[in-house]
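Tertiary structure, described
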Amino acid sequence: MANWKARLLVATTALAACATVTGPAVTTAAQAATVTTQPAQADLPPGVVQLDDAEGCPPATLCLYQHYKRQGPAYGIGAGYKVALKALPMGNGTAANNVSSWVNNTHSLAVLIDEDNGKARPLYPGQPLEEPTSDNDTVDLVDWA
């Protein structure tokens, strides 16, 4: 849990440093699009940090990735934080029904829940998961046992 707090502190400090820089501000359309598509850490649910695309999973974190082989947009969830994936922006939608790979780097049992059919699956501590075709892009909620 301390890891996500440290990441939040670093992000907040970096944003504050950028805000204090003086001089002409030049923003291209691509830069503006990047800024608007990435949520501020403060806009995320408690216990959640946004990871860089394809970033490795930090210790004490449950990580979810949009694509197989831990690629694409990603988030880290601290152990014990129940998170509705619809609260996590991802691509043109949200992480709900949009995650293909996971890594549980916590010491806790994560529960991946598909609210559409009431199916709950365990993801054991220390385990990665590449979603089987039958369960790919179905998880709506992360809980803990």
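Residues numbered from 1 in each chain as written. Predicted model: local features only at pLDDT ≥ 70, side-chain atom pairs only at ≥ 80, totals over all residues. Heavy atoms only, no water.

Before going further, it helps to spend a moment on the sheet that holds strand 4 (residues 83–84). Within the open sheet, the 4 strands sit side by side as 4-11-8-9. Their pairing is antiparallel. Two strands bound the open sheet, and with one partner strand each, they are strand 4 and strand 9 (119–123). Bridge count for strand 8 (residues 110–114) against strand 11 (residues 141–144) is 4 bridges, and the pairing is antiparallel. The residue of strand 11 that forms the bridge with Ile113 is Leu141. (Pairing = 2+ DSSP bridges. Helix = DSSP H or I, 4+ residues; strand = E, 2+ residues; numbered from the N terminus.)

Sheet strands pair by backbone hydrogen bonding; their relative direction is either parallel or antiparallel. Taken together, the 5 strands give an open sheet; going across it, the order is 1-3-2-7-10, and neighbouring strands pair in antiparallel fashion. Single-partner strands in this sheet number two, and they are strand 1 (48–51) and strand 10 (128–130). On average, each strand axis in the sheet is inclined to that of its neighbour by 15°, with strand direction left out of account. (Axes fitted to C-alpha atoms, helices over the stretch in contact; angles between N-to-C directions.)

Relative to the assigned elements, Thr61 resides in strand 2 (residues 61–67). Among the polar contacts made by the side chain of Thr61, one reaches the main-chain carbonyl oxygen of Pro58 at a distance of 3.5 Å. (Polar contact = N/O pair within 3.5 Å; in protein donor to acceptor, adjacent residues only side chain to side chain.)

The next thing to look at is the pattern of salt bridges. All chains considered together, the criterion is met by 4 salt bridges. Across the pair Lys82 and Asp143 runs a salt bridge whose closest N-O atoms are separated by 3.9 Å. Remark: Asp143 occurs in strand 11 and Lys82 occurs in the loop between strand 3 (71–78) and strand 4; sequence separation between them is 61 residues. Among the residues examined, Lys82 registers a relative accessible area of 55% and is labelled exposed. A salt bridge links Arg121 to Glu131, with the nearest nitrogen and oxygen atoms 2.9 Å apart. Here Arg121 is found in strand 9, whereas its partner Glu131 is found in the loop between strand 10 and strand 11, with 10 residues between them in sequence. (Salt bridge = Lys/Arg side-chain N within 4 Å of Asp/Glu carboxyl O. Buried < 20%, exposed > 50% of the residue type's maximum accessible area, 1.4 Å probe, protein only.)

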